Amino acid sequence: MERAPNLPAAIDAAAEALVGVLDSAVSRHQLSVSPTQLRVLSLLSVRPGTNVNRLAELLDVVPSSASRLCDRLEAIGLLRRMADPRDRREVLLVPTAAADALLREVRERRHAALQAVLDRMPGRVQQELLQALVCFGQAATGSVAAQPGTPARTA
């Protein structure tokens, strides 16, 4: 009797493959920033109004480490520090137009790499994957309640 696939293990393996595809899409090209610096820019681009202390929390590092990362990004023109208009004592971290362009380029490379993988899959399976990923994202963020009377599935 053949054993059913372990769903958590399959998701873990798929996540590893996904990370590999995304990393290779970026690593094949010479970037002016490290993966950590790229992560900082990504975090700041979706969280306007972030200061160094909040960035340190998001990265799970001490504020001095986050500040040094910001120093390096500021030195290469990808970040600027700006006084908070609501509280002049507070300093906000703002990605520059060059950072926005870099993030856009990285996103385009990643999407192209993902599309190349998806093109090797049948269209029907792509649609099933899309639906499953939407449901997974909703379940992970708690945005959709479980259906009443539906037990949690375990593998």
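Fair warning: this is a prediction, and the values are worked out from it, not measured in the lab. (Residues numbered from 1 in each chain as written. Predicted model: local features only at pLDDT ≥ 70, side-chain atom pairs only at ≥ 80, totals over all residues. Heavy atoms only, no water.)

## Observations concerning the overall build of the protein
Basically, it comes down to this: The helix and strand labels rest on DSSP assignments: H or I over at least four residues marks a helix, E over at least two residues marks a strand, and numbering proceeds from the N terminus. Throughout this description, buried means an accessible area under 20% of the type-specific maximum (1.4 Å probe, protein chains only), exposed means over 50%, and partly exposed covers the range between. Pairs of residues are marked as contacts when any of their non-hydrogen atoms sit within 4.5 Å. Per-residue accessibility takes into account occlusion by the displayed protein chains alone, with areas from the Shrake-Rupley method and a 1.4 Å probe.
The helix and strand tally for the protein stands at six helices and two strands. Order of helices (α) and strands (β) in the protein, N terminus to C terminus: α-α-α-α-β-β-α-α. Out of the 155 residues in the protein, the part that is buried amounts to 22%. Within the protein, contacts between residues at least 6 apart in sequence are counted, and of these 50% link residues at least 24 apart. Approximately 11,100 Å² of the protein is accessible, and the part contributed by carbon and sulfur atoms is 57%.

## What about the confidence of the model for the protein?
Condition: Along the chain, pLDDT gives the predictor's confidence residue by residue, from 0 to 100.
In the predicted model, the protein carries a mean pLDDT of 87, and 88% of its residues have values of at least 70. Ranking the elements of the protein by mean pLDDT puts helix α1 (residues 7–27) last, at 89, and helix α4 (residues 63–75) first, at 95. Here residues 146–155 is a poorly scored stretch, pLDDT under 50, and it has four contacts once near neighbours within four places are set aside; other chains count.

## Some words on the nonpolar core
Test applied: Residues enter a nonpolar core if they are buried and are Ala, Val, Leu, Ile, Met, Phe, Trp, Tyr or Cys, with the set joined through side-chain atoms within 4.5 Å.
Grouped together as the largest cluster of nonpolar side chains are 24 residues, with contacts concentrated most on Leu38, Leu55 and Leu102. Elements supplying a minimum of two residues to this core: α2 (35–46), α3 (52–59), α4 and α5 (97–118). For Leu55, the contacting residues outside a window of four places in its chain are Val40, Leu43, Leu44, Thr50, Ala66, Cys70 and Leu93.

## Concerning the pairing of strand β1 (residues 79–84)
Test applied: Any two strands with at least two DSSP-identified bridges between them are counted as paired.
Bridge count between β1 and strand β2 (residues 87–95): six bridges; the pairing is antiparallel. Following the sheet pairing, Ala83 is matched in β2 by Val91. Hairpin connection, β1 to β2: the antiparallel pair is bridged by two residues.

## Regarding the pattern of salt bridges
Defined as follows: A pairing counts as a salt bridge when a side-chain nitrogen of Lys or Arg comes within 4 Å of a carboxyl oxygen of Asp or Glu.
Overall, the coordinates contain seven salt bridges when judged by the stated rule. Between Arg86 and Asp84 there is a salt bridge; the shortest N-O distance is 3.2 Å. Where Arg109 meets Glu105, a salt bridge forms, and the shortest distance between an N and an O atom there is 2.1 Å. Note that Arg109 and Glu105 are positioned in helix α5 at a spacing of four residues, about one turn of the helix. Of the residues examined, Glu105 reaches a relative accessible area of 32% and is grouped as partly exposed. Residues joined by salt bridges that share partners form a network here, namely Asp71, Glu74 and Arg81.

## Observations regarding a nonpolar patch on the surface
Note the following rule: For patch building, the residue pool is restricted to those with more than 30% relative accessible area and no salt bridge; the joining distance is 9 Å between like charges and 5 Å between nonpolar side chains (Val, Leu, Ile, Met, Phe, Trp, Tyr).
Together, Leu7, Ile11 and Phe136 give the surface a local cluster of nonpolar side chains, amounting to about 290 Å² of exposed area. Here Ile11 lies in helix α1.

## Regarding the side chain of Thr96
Structurally, the position occupied by Thr96 is in the loop between β2 and α5. Residue Thr96 is classed as buried on the basis of its relative accessible area of 16%.

## A short note on the packing of α2 against α4
Counted only if it meets this: Note on geometry: axes are lines fitted to C-alpha atoms, helical ones only across the stretch in contact, with angles between N-to-C directions running from 0 to 180 degrees. Oblique is the label for every angle not falling under 35 degrees (roughly parallel), over 145 degrees (roughly antiparallel), or within 65 to 115 degrees (roughly perpendicular). Gly counts as polar in this scheme, as do all residues outside two lists: the nonpolar Ala, Val, Leu, Ile, Met, Phe, Trp, Tyr, Cys and Pro, and the charged Asp, Glu, Lys and Arg.
Two numbers describe how α2 lies on α4: the axes approach to 11 Å, and their chain directions differ by 90 degrees. As judged from the angle between their axes, α2 and α4 are roughly perpendicular. In this structure, α2 contributes Thr36, Gln37, Val40 and Leu41 to the contact, and α4 contributes Leu69, Arg72 and Leu73. Residue composition of the contact of α2 with α4, by class: four nonpolar, two polar and one charged.

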